[in-house]
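Secondary and tertiary structure notes
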Amino acid sequence: MKTVRLPSGETIPALGLGTWMMAEKASRRADEIAALRAGVDLGLTLIDTAEMYGGGEAETLVGEAVAGRRDEVFLVSKVLPSNATASGTVRACEASLRRLGTDRLDLYLLHWRGSLPLARTLEGFAALVEAGKIRHWGVSNFDLADMRELTALDGSCQTNQILYNLSRRGPEYDLLPWHASAGMPIMAYSPVEQGRLLGSPVLAEVAARHDATPAQVALAWVLRLPHANAIPKAGTVDHVRENARAVELRLSPEDLADLDRAFPPPDGPEPLEMI
Ligand code: NAP
């Protein structure tokens, strides 16, 4: 499995498993749990969830999926900005831990920047690290100015989880170069644009050259970067298996040029988008 190095020096799988929209329908539950377990079996041991997803139900589902094999996974969850005071961050994390059925998170992220002072959230993260309830912390949906402000306050942020895929290339102009020079990876969410990229004729054409699928091309495109994780959500074992094979796919210069023509890179700064 290709890995990505965090600023802490720890390496994590480049390809992980998203969980937004899981635990929304009882009829899908068994398939979703099977999908997560299959992913872990295939080495996709980075699992991303959040207190927001399904009002906590996605965390409960993840807890069920990893029960008995917690030590095999690198577990990421997120605190809502409305909870992200110093004490609120600690309380939110403790509730996430209970739902996940674990005593610690590997990485805890501020889901997006709200109106509360960042310094208070960082106090909460520090208290959680001190108590052994989180191993690392990071942020999500932070644009360049936010990252500069954050890293001036504290240098131990491990990642920035952002919307990044072929149809959302804005971060390439300034945010990704900043991350590369800081030695801090990004974690690309919605890497197949919630399925909307998969009907693209160009993706189909590139995929055909490699006996691959459009989803594999979209994921391999994100994973071409040495400092990027991708965390597709797949609710079936078949989709997880298909996605896992993206790590073996190497896109050629011709593939990349065709993809650039269909999905041009930014030619100036663009505000970070969110889904
Ligand atoms: P995504 O991963 O780009 O797309 C998920 C959709 O693509 C699902 O409908 C899934 O269908 C489908 N899909 C996945 N693999 C497929 C395949 N091989 N073939 C066909 N369809 C496939 O979008 P996302 O869920 O928005 O993003 C991924 C994860 O990032 C989330 O689950 C969440 O953990 C995280 N996220 C974070 C933020 C944030 O603000 N930090 C925001 C959004 C997402 P099936 O379910 O049927 O497999």
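Here, every reference points to the structure presented above.
Residues numbered from 1 in each chain as written. Predicted model: local features only at pLDDT ≥ 70, side-chain atom pairs only at ≥ 80, totals over all residues. Heavy atoms only, no water.

1. A few points about the packing of aromatic side chains
For any two aromatic rings, the description comes down to two numbers: the centre-to-centre distance and the angle of the planes. Going through the model one piece at a time under the given rule, you end up with four aromatic pairs. Ring centres of Trp20 and Tyr53 lie 6.0 Å apart, and the angle between their planes is 25°; this geometry places the pair in the stacked category. Placement of Trp20 in the loop between β2 (11-13) and α1 (29-41) and of Tyr53 in the loop between β3 (46-48) and α2 (57-66) is noted, with a sequence separation of 33 residues between them. Here Tyr53 falls in the buried class, since its relative accessible area comes to 6%. Both rings, one in Tyr164 and one in Trp221, keep their centres 5.2 Å apart while their planes meet at 35°; by these two values the pair is tilted. With Tyr164 in the loop between β7 (160-163) and α6 (175-182) and Trp221 in helix α8 (residues 214-223), this residue pair connects regions lying 57 residues apart in the sequence. Using a relative accessible area of 1% as the deciding quantity, one classes Trp221 as buried. The rings of Tyr108, Phe125 and Trp137 are connected pair by pair, giving a single aromatic cluster. (Phe/Tyr/Trp six-rings, centres within 6.5 Å; stacked < 30°, edge-to-face > 60°. Helix = DSSP H or I, 4+ residues; strand = E, 2+ residues; numbered from the N terminus. Buried < 20%, exposed > 50% of the residue type's maximum accessible area, 1.4 Å probe, protein only.)

2. Observations regarding the side chain of Asn141
On the secondary structure map, Asn141 appears in the loop between β6 (137-140) and α5 (144-153). Classification of Asn141 by relative accessible area gives buried; the value is 10%. In this structure the side chain of Asn141 is engaged in a polar contact, spanning 3.2 Å, whose partner is the side chain of Ser140. Not counting chain neighbours up to four residues away, the residues in contact with Asn141 comprise His111, Trp112, Asn160, Gln161, Ile162, Tyr189, Leu272, Glu273 and Met274. (Polar contact = N/O pair within 3.5 Å; in protein donor to acceptor, adjacent residues only side chain to side chain. Contact = heavy atoms within 4.5 Å.)

3. Let's talk about the environment of His111
Checked against the element boundaries, His111 lands in the loop between β5 (107-110) and α4 (118-130). His111 sits in the buried class, given a relative accessible area of 6%. Distance in space between the C-alpha atoms of His111 and Val139 is 6.4 Å, their sequence separation being 28 residues. The residues touching His111, leaving out its near neighbours within four places in the chain, are Ala50, Met52, Tyr53, Lys78, Val79, Leu80, Pro81, Ser140 and Asn141.

4. Topic: the layout of surface pockets
There is about 640 Å³ of room inside the largest pocket. Considering every element that reaches the lining of the largest pocket, the biggest residue donor is helix α9 (residues 237-244), with three residues. Looking at side-chain class alone, the lining of the largest pocket contains 15 nonpolar, 12 polar and four charged residues. (1 Å grid on protein atoms, 1.4 Å probe; cavity = no way out; pocket = protein on both sides within 12 Å on 5 of 7 lines; lining within 4 Å. Points joined across faces, edges and corners; volume = space filled by probe spheres on them. Nonpolar A, V, L, I, M, F, W, Y, C, P; charged D, E, K, R; others polar.)

5. Describing α8
Counting buried residues along α8, nine of its 10 residues qualify, which places the element largely inside the surrounding structure. Along α8, the residues that are buried comprise Ala215, Gln216, Val217, Ala218, Leu219, Ala220, Trp221, Val222 and Leu223. Those residues of α8 that are buried lie in contact with β8 (186-189), α7 (201-209), β9 (228-230), α9 and α10 (253-262).

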